[in-house]
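Each chain, letter by letter, is given below.
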Amino acid sequence: MSQPLTSKQSVIFQTSQLDGKIYIREQKGHFQRIRRYLSWVLVSGFILLPWVQYHGQQAILFNIAEQKLTLFGITLFPQDMFIFSLIFILAAFLLFYITRLYGRVWCGYTCPQTIWMFMFNWVERRVEGSYRQSQALDKADIGPTKILKKTVKHGIWLSISLLTALVFMSYFVPVSQLYSSVFTVQASAVVQGWVYFFAACTYINGGWIKEKMCLHICPYARFQSVMFNNSTSLMTYDHTRGENRGPRKIKAQKSVELGDCVDCGLCVDVCPVGIDIRQGLQYECINCGLCADACNDVMQKFNYPQGLIKYTAKHVIKRQWSAHLGYGLASLLCFFSIAVWVYQRDNFDVSIIRDRQALYRINTQEQVENTFVLKITNKTQQVQHYSINIEDSQNFTIHGQSEYAVLPAEQTINHITVVAQQAPEELKTSITFSVIDKQNAEVIEKSSSFFSAKDTW
C-alpha cells in the first residue's frame, strides 16, 4: 500500500525566493547606464506632460466627468474610442515584436514596475547602506538606529508614492487645480480617494511587492516564453567558456581544468528577481543586463575577455528579413489603420433622430410636420458655426433655426421641425440632411425618415 504524500512531497513546482526579500546589489555598467537614461526620459515625460499647455489649455487631459479626451487640440469623444482599440492592438503587437527579437527587454528597461522598483531600491541603498548592510539591519534588534533609518526610508517611499499618484491623477484632473486642492484638503472626496489609492498601490508595489510582481503576478512573465525562438537575443551565460567554475585569486594563473567563471556570485547579487543566470533560460529573467555588467567588471579585474554573460541568440538566421515577418507586418498594418482613421476623422460629429414623442402632426396651415433631434459635437478647440439643410428642399423645408454655433469641445442638442410642402406620395419618405461646417466647408450627411398619412390634406 502506497504511503500518503506529505505536504512538501505534494508540491509539484515552487519558485525560489517565494517569501524571502531580495536585496539588490547596486551595479554600474553599460546596461545600467542605458536603463537610467531611459528611466530619466520616461519619468521626466510622465511628470512634465500634464504641465504642457496648448492654446491656453492642458494639452493632455482625460475628462471622465464630461466623457472626452483632449490631445493637443484634438478632442475625442466616446464615439472616437475606436482609435484606442487600434492603439492598444498596435502596442500589443509592438511588445510581441520586440519580445520576439530581444526577449523581455521591455520588462528590464522601460516597465514602470521595474523603474519604480529600482527607484525605491536606490533610496534604500542611500539610507540603509549596501545590500549587506540592509540585510544586517533587518536582522538587528529594534533600536534607535533601525527605527530612524526605517522611518526615513519609508517616509521617502511614501513621498515618492504620493507624488506619483498626483502626477497620474493630473492626467484626469486639470493640473492647475489638482495640487493646490489636494494639499489644502479642498479637493473632492472622490479625487482625494483616488490619489491616496494610487499612492498606496505605488508604495506597496515599489516598496514591498517589488520583484514578486514580475515573478508571480504579471501575466506577461507567464506567456512571454511562447514568443521566444532560437533566434531571440537573450541574456545568456556561456556555459562552454565558463565551466568548470571555481574561485581563484586575481593574480594567480588559471588552472587548466577551470573555466572563466570565478564563481563570485555577483551575477546573482545584482539580479532584481534573484535568479542565477548560469542555470540557463528561466522565465523570471527580465533581460535587464545587470548580471552582464557585474560579470564584465569581474572579467576585467581578472584580465579575462568580457562577454561571459551577454545578449546572444542560440542560432543566427541567415535571412534576417524573415525575423520581421508576422509581428512586424501586423504592427505596420495597425499603424496604417491608425493613419487612415486620423486622415478620415471629421472635426465634428452629427446625430439626427426622429422625435419619439409623435409620429407626425398637422400644423395650422394643414401641412405635415415631423420633429427631429439634432446633436452636433464640435471636436475642435475653436467655436464653430454649422448650417443644416435638406437635399430635397423643394418638397421639404426646415422651419425655425437652421444655423448653430457650438463652443469648443462641446455638444449642442436642438429640435428641428421639417415641413412637407406637398403631400408625400408614401407613408414613409426618406430624406437626407446635410450639416455643413461653415469654416472648413466639411459636410456630413445623415438620412432619416419622414412620416405622414393617407389623405392628410
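None of the values given here were measured: they were computed from a predicted structure. (Residues numbered from 1 in each chain as written. Predicted model: local features only at pLDDT ≥ 70, side-chain atom pairs only at ≥ 80, totals over all residues. Heavy atoms only, no water.)

Caption draft 1: Main features of the overall build of the chain. Of the regular secondary structure elements, the chain holds 14 helices and 16 strands. Taking 457 residues into account, the globule formula puts the C-alpha radius of gyration at 23 Å, and the chain, at 32 Å, lies well above it. Overall, the C-alpha framework of the chain stretches about 110 × 60 × 60 Å when taken along its three principal axes. Residues counted as buried form 45% of the 457 residues belonging to the chain. At a minimum sequence separation of 6, the contacts of the chain that also span at least 24 residues come to 68%. Accessible surface for the chain amounts to roughly 26,200 Å². Of this, 60% is attributable to carbon and sulfur atoms. Computed over 43 positive and 34 negative side-chain charges, the inter-centroid distance for the chain is 16 Å. (Helix = DSSP H or I, 4+ residues; strand = E, 2+ residues; numbered from the N terminus. Rg over C-alpha atoms; globule rule 2.2 N^0.38 Å. Buried < 20%, exposed > 50% of the residue type's maximum accessible area, 1.4 Å probe, protein only. Contact = heavy atoms within 4.5 Å. Areas by Shrake-Rupley, 256 points an atom, 1.4 Å probe, with all protein chains shown as cover. Lys, Arg positive; Asp, Glu negative; His and termini not counted. Charge placed at Lys NZ, Arg CZ, Asp CG, Glu CD.)

Caption draft 2: Just unusual backbone geometry, in detail. With an omega of 0°, the peptide bond between glutamate 243 and asparagine 244 qualifies as cis. Along the chain, asparagine 244 turns up in the loop between helix H11 (239-242) and helix H12 (266-269). A positive phi angle is found at histidine 55, which is not glycine, with a value near 55°. Mapped onto the elements of the fold, histidine 55 is located in the loop between strand E1 (53-54) and strand E2 (57-58).

Caption draft 3: Just the nonpolar core, in detail. If you look at the biggest cluster of nonpolar residues, it comprises 35 residues, and the most contacted ones within it are Val273, Ile277 and Ile309. Those elements that place two or more of their residues in this core are helix H3 (105-110), helix H4 (112-128), helix H9 (211-217), strand E6 (234-237), H12 and helix H13 (290-301). Considering each element in turn, this core owes the most residues, seven residues, to H13. The contacts of isoleucine 309, once residues within four sequence positions are left out, are Met235, Thr236, Tyr237, Cys267, Ile277, Cys291, Ala292 and Cys295. Of all hydrophobic cores here, the second largest spans 22 residues; its members include Val350, Phe396, Tyr404 and Ala420. (Core = buried A, V, L, I, M, F, W, Y, C linked by side-chain atoms within 4.5 Å.)

Caption draft 4: Highlighting the packing of aromatic side chains. For the coordinates displayed, the defined rule picks out 20 aromatic pairs. Ring centres of phenylalanine 31 and tyrosine 311 lie 5.2 Å apart, and the angle between their planes is 75°; on these two criteria the pair is classed as edge-to-face. Taken together, the residues span a long stretch of sequence, with phenylalanine 31 in helix H1 (residues 30-48) and tyrosine 311 in strand E7 (residues 309-312) at a distance of 280 residues. Given the relative accessible area of 16%, phenylalanine 31 is considered buried. For tyrosine 311, a relative accessible area of 24% puts it in the partly exposed group. Among the aromatic residues, those joined into a ring-pair cluster are Phe62, Phe168, Phe172, Trp194, Phe197 and Phe198. (Phe/Tyr/Trp six-rings, centres within 6.5 Å; stacked < 30°, edge-to-face > 60°.)

Caption draft 5: Local environment of the sheet that holds strand E11 (residues 384-390). Spatial strand order, E13-E11-E15-E16: four strands in an open sheet with antiparallel pairing. Edge positions in the sheet fall to strand E13 (403-406) and strand E16 (442-451), since each has one partner strand and no second. Averaged over all pairs of adjacent strands, the angle between strand axes in this sheet comes to 25°, irrespective of strand direction. Pairing of E11 with strand E15 (residues 428-437), which is carried by five bridges, proceeds in the antiparallel orientation. Across the sheet, serine 387 pairs through a bridge with isoleucine 436, a residue of E15. (Pairing = 2+ DSSP bridges. Axes fitted to C-alpha atoms, helices over the stretch in contact; angles between N-to-C directions.)

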